[in-house]
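Observations on the model geometry
For reference, the chains in residue letters:
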Amino acid sequence: MTAEPSRRAYRGLPPEERRAERRQRLIAAAIAVYGATGYRQATVKAVCTAAGLTERYFYESFANSEALLVASFEAVVASVGAEIAAAAQAAGRARARRARAMLHAYFAALQREPHCARVFLVEIRGVSPAVDAAFDAALRTTGAMVARLLAPGRPGDALLQAGVVGGVIHIALRWIEQGYRPSLDEVSDTALRLGMVLAR
């Protein structure tokens, strides 16, 4: 019995994997395009061209441009979060050392990938209530993750977490506006003074 056409593998990949691969290409392209020109100036066609796909494949994965913006933001959040978690584990158990390592990893990621930084911190803001909700959810998740890494087993203070994460983001925004000055070590130390509030 032959497989149904919609389930056949193409170039060795089943349809579901091909769709997932196209989706990831669109997300990567969106990060590059939004980071270079801004979300509001970008078009679906520009993203598809950067991804090497036609527009019909865009609508296969995303209902609209906002959905792609949220997916791109969430991809950047996941990537940066993984770097922060890895830095925390490598730094050992001392809270001050761990907190500084996490901050250094965060700022290093922003400096290394300025397009991602723009999507992560600038383009996500003020687009629509749905996008704002995604941003807020990411802040809550990040705050909880940081708290677990710095103070495992302690009850979390959601308001404190929001304040610390928000403060670090504002430091990052100012740092980016200033052309990534002062140095990576200096900005990490500045943010550490705020981050140690949560560590305590």
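Residues numbered from 1 in each chain as written. Predicted model: local features only at pLDDT ≥ 70, side-chain atom pairs only at ≥ 80, totals over all residues. Heavy atoms only, no water.

In this section: helix H1 (residues 15-37). Here H1 is 23 residues long and its end C-alpha atoms lie 32 Å apart, about the 33 Å a rise of 1.5 Å per residue gives. Looking only at H1, the buried set comprises Pro15, Arg22, Leu26, Ile27, Ala29, Ala30, Ile31, Val33, Tyr34 and Gly35. Against helix H2 (44-51), helix H3 (55-61), helix H4 (65-91) and helix H6 (114-123) lie the buried residues of H1. Positive phi appears at Gly38, one or two residues downstream of H1, with a value of about 95 degrees. (Helix = DSSP H or I, 4+ residues; strand = E, 2+ residues; numbered from the N terminus. Expected span 1.5 Å × (residues − 1). Buried < 20%, exposed > 50% of the residue type's maximum accessible area, 1.4 Å probe, protein only. Contact = heavy atoms within 4.5 Å.)

Per-residue confidence for the protein chain gives a mean pLDDT of 89, with 92% of residues at or over 70. Averaged over each element, pLDDT in the protein chain is lowest for helix H9 (residues 184-199) (85) and highest for H2 (97). (pLDDT = per-residue confidence, 0-100.)

This brings us to the packing of H1 against H4. Relative to each other, H1 and H4 sit at 90 degrees, their axes nearing to 9 Å. Judged by the inter-axis angle, H1 sits roughly perpendicular to H4. Contacts between H1 and H4 involve Arg23, Leu26, Ile27, Ala30, Ile31 and Tyr34 on the former and, on the latter, Ser65, Leu68, Leu69, Ala71, Ser72, Ala75 and Val76. Taken together, the residues of the contact of H1 with H4 sort by class into 10 nonpolar, 2 polar and 1 charged. (Axes fitted to C-alpha atoms, helices over the stretch in contact; angles between N-to-C directions. Parallel < 35°, antiparallel > 145°, perpendicular 65-115°, else oblique. Nonpolar A, V, L, I, M, F, W, Y, C, P; charged D, E, K, R; others polar.)

Right, let's talk about the environment of Val76 for a bit. Secondary-structure assignment places Val76 in helix H4. Assessed through its relative accessible area of 4%, Val76 is described here as buried. Here the alpha-carbon distance between Val76 and Ala28, two residues 48 residues apart in the chain, equals 9.7 Å. Sequence-distant contacts of Val76, defined by excluding residues within four places in its chain, comprise Ile31, Cys116 and Phe120.

Within the secondary structure layout, Ala96 lies in helix H5 (residues 95-112). Sequence spacing of Ala96 and Asn64 is 32 residues, and the spatial spacing of their C-alpha atoms is 43 Å. When sequence neighbours within four positions are dropped, the list of residues in contact with Ala96 reads Leu192 and Met196.

Another aspect to go through is the pattern of salt bridges. Considering all chains together, one arrives at 9 salt bridges under this definition. Here Arg118 and Glu123 are joined by a salt bridge, their closest N and O atoms 2.7 Å apart. Note that Arg140 is salt-bridged to Asp136, the shortest N-O span being 3.0 Å. With a gap of 4 residues between them, Arg140 and Asp136 both fall in helix H7 (residues 129-150), about one helical turn apart. (Salt bridge = Lys/Arg side-chain N within 4 Å of Asp/Glu carboxyl O.)

The phi torsion of most residues other than glycine is negative, and most of the peptide bonds are trans. Here Arg181 and Pro182 are connected by a cis peptide whose omega angle stands at 5 degrees. By the secondary structure assignment, Pro182 is in the loop between helix H8 (158-177) and H9. The phi dihedral of Tyr180 falls on the positive side, at around 60 degrees, and the residue is not glycine. Relative to the elements of secondary structure, Tyr180 occurs in the loop between H8 and H9.

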